Amino acid sequence: MEARKYLTIISYLLRASLLLPYQVRHVGVSQNGAEEMEEDIFSKISKQNKGSKKLIRHGDIAVRLSRSALSCPGQACFWPKSSSGVVIVPYVLSSDYSSTDSAVIHSAIQEYTSLTCIRFAERKKETDYIQIRSVDGCWSYLGRNGGPQDLSLLNPGCISKGIVQHELNHVLGFVHEHTRSDRDTYVDINWAYISNAYTSNFEKSQPESNNLALQYDYTSVMHYGKFAFTNVPGQPTIMPKPDATVPIGQRYGLSSLDLIKINRLYQCDVCSFLLCELSGTFYSASLNRPDCVWLIRTPANKVILQFHSFNTFPTCSTDSMIVYDGASKSSPVLLNTTCRTGDPPPVVSTGSLMLVEFWRNEKTSFSASYHTVVCGGTFTAVNGRVTSPGFPTKYFPSTDCKWSIVAPPGYKVQLSFTSFALELSRKCIYDYLSIRHGSHINTSVSAKFCGSNKMPTLVSAGNWVLLEFHTDRSVQSTGFQVKYTWVV
């Protein structure tokens, strides 16, 4: 036991000095250090706009001389809604962007399509449209100006989902959250740390009617960071109150309240939810309409979705739930529950996005939860193999992975291990592989496996298997390799 404690301490110190970049990558943070970790969307925008020759206010709102940059009288600058209830915002994307840059921009646009009635669509012959170009910073005009209007996303500094959605929200008519008419109830502006040249960036700009009767959103993609335009490094210009430790500004994209504001401003007849935490639960019990979507968007890693109840008619129903491996309905399908009478299997995404679409015609209901994992995936082929990270070399310390293997209804999953070597411990409390299977995620846990014994061939009770691999900080081995196939 003493030897294990010694190894644990040594392993921890080595990981701190040598493996930190690996750990940082796992949480989705840049390897440039803590300062980069803290950098919010507007800090990045502000850096990119220092050399801009464009006349802008509030840091990134372009000024058109014919009208105020920060006003939208009536609804003159809102994009019109069609008779079908959809708001079309035509755009032209510059060919100067690489395929990777374009993918980031399209990913940001997809979230509006999935969760709102806003449709950023490639321009056909429309007179009013936006031109997304790499000009000289990150900036946009406010709302619809008429005719072509530029939206600058300087390459590469402005190409991130958070910045793209920040500027697209300006296009839709939204200004910065800290300029709301009621902001003094929620934040203090420290004017002493703001140079005279930048005080106008903190002026209130929204009339009360445009607060949309919604609460103040510290996590909005439209909120300045705590140190925006400070003239004394380390001294904040914006302080939340009454709790000064509340985080403000972020770098990931639309918040849940941002989504609600868009749908309320444009009177979108949609049922949608944005889940941005590292873990959470959601269910159908409170829904007052038959069709809804949930977008799970975590800051990093992969998403595993697990069902705790799924009640359907005993016969084939037209009710359905479709889980997509991404942010849109054009993403690959991980799960389709149409005609399912048992509980759905758990599924794991390939990235940090998962879209859940639910359509109910009868009395189907469900409850589900999600959390993140560093590695794993969903397998639906007739056969394949799963290996621990790094196999056949040693697996990584402090790692959690989950793989879901799903066969068609009526089939079972057979597991045949070709290699198995994990740290041995009593009751497998340090490193282990656990196997869940059957008709429900909370039942039929076969056991935890560890050590180097020969593994038996295993067959699932139902049509899916969930492999859960966990390692602690010390003592790594070569891991495992398992082949799977469907059997009747």
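Above this text is the structure in question.
Focus on the overall build of the protein chain
Turning to step 1, where the next piece is worked out: Within the protein chain one finds seven helices and 27 strands.
Turning to step 2, where the next piece is worked out: Split into buried and exposed, the 488 residues of the protein chain put 50% on the buried side.
Turning to step 3, where the next piece is worked out: For the protein chain, long-range pairs separated by at least 24 residues make up 74% of all intrachain contacts whose partners lie at least 6 apart in sequence.
Turning to step 4, where the next piece is worked out: Looking at the protein chain as shown, the accessible area adds up to about 22,400 Å², and 54% of this sits on carbon and sulfur atoms.

Here's the deal with the side chain of Ser 52
Turning to step 1, where the next piece is worked out: Positionally, Ser 52 belongs in the loop between helix H4 (41-48) and strand S1 (56-57).
Turning to step 2, where the next piece is worked out: Accessibility expressed as a relative area gives 16% for Ser 52, which makes it buried.
Turning to step 3, where the next piece is worked out: Within polar-contact distance, the side chain of Ser 52 engages the backbone nitrogen of Lys 54 at 3.1 Å.
Turning to step 4, where the next piece is worked out: Excluding its chain neighbours within four sequence positions, the residues that come into contact with Ser 52 are Asp 136 and Trp 139.

Observations concerning the environment of Gly 162
Turning to step 1, where the next piece is worked out: Within the secondary structure, Gly 162 sits in helix H6 (residues 161-171).
Turning to step 2, where the next piece is worked out: With 57 residues separating them in the primary sequence, Gly 162 and Ile 105 have C-alpha atoms 9.9 Å apart.
Turning to step 3, where the next piece is worked out: With sequence-adjacent residues up to four places away left out, Gly 162 is seen in contact with Ile 41, Val 221, Arg 251, Tyr 252 and Gly 253.

A few points about unusual backbone geometry
Turning to step 1, where the next piece is worked out: Geometrically, the link from Asn 155 to Pro 156 is a cis peptide bond, its omega value of 10° lying close to zero.
Turning to step 2, where the next piece is worked out: Following the sequence through the fold, Pro 156 ends up in the loop between strand S7 (148-153) and H6.
Turning to step 3, where the next piece is worked out: In the Ramachandran plot, Phe 229 falls in the positive-phi region, its phi being about 60° despite a non-glycine side chain.
Turning to step 4, where the next piece is worked out: The residue Phe 229 is located in the loop between strand S8 (187-189) and strand S9 (238-240) in this model.
Turning to step 5, where the next piece is worked out: Among the residues examined, Phe 229 registers a relative accessible area of 16% and is labelled buried.

Notes on the pattern of salt bridges
Turning to step 1, where the next piece is worked out: Going through the model one piece at a time under the given rule, you end up with 17 salt bridges.
Turning to step 2, where the next piece is worked out: Among the salt bridges present, the one from Asp 128 reaches Arg 144, with a minimum N-O distance of 2.9 Å. In this pair, Asp 128 is assigned in the loop between strand S4 (118-122) and strand S5 (129-133) and Arg 144 in the loop between strand S6 (138-140) and S7, connecting sequence segments 16 residues apart.
Turning to step 3, where the next piece is worked out: Given the relative accessible area of 23%, Arg 144 is considered partly exposed.
Turning to step 4, where the next piece is worked out: Beyond isolated ion pairs, a larger network of salt bridges with shared partners links Glu 177, Arg 180, Asp 182 and Lys 261.

Concerning the packing of H4 against H6
Turning to step 1, where the next piece is worked out: Contact pair H4 / H6: the axes reach a minimum separation of 9 Å and the direction vectors enclose 80°. As judged from the angle between their axes, H4 and H6 are roughly perpendicular. Contacts between H4 and H6 involve Ile 41, Phe 42, Lys 44 and Ile 45 from the first element and Gly 162, Ile 163, His 166 and Glu 167 from the second.
Turning to step 2, where the next piece is worked out: Classifying every residue of the contact of H4 with H6 by side-chain character gives four nonpolar, two polar and two charged.

The rules behind the values
Residues numbered from 1 in each chain as written. Predicted model: local features only at pLDDT ≥ 70, side-chain atom pairs only at ≥ 80, totals over all residues. Heavy atoms only, no water. Helix = DSSP H or I, 4+ residues; strand = E, 2+ residues; numbered from the N terminus. Buried < 20%, exposed > 50% of the residue type's maximum accessible area, 1.4 Å probe, protein only. Contact = heavy atoms within 4.5 Å. Areas by Shrake-Rupley, 256 points an atom, 1.4 Å probe, with all protein chains shown as cover. Polar contact = N/O pair within 3.5 Å; in protein donor to acceptor, adjacent residues only side chain to side chain. Salt bridge = Lys/Arg side-chain N within 4 Å of Asp/Glu carboxyl O. Axes fitted to C-alpha atoms, helices over the stretch in contact; angles between N-to-C directions. Parallel < 35°, antiparallel > 145°, perpendicular 65-115°, else oblique. Nonpolar A, V, L, I, M, F, W, Y, C, P; charged D, E, K, R; others polar.

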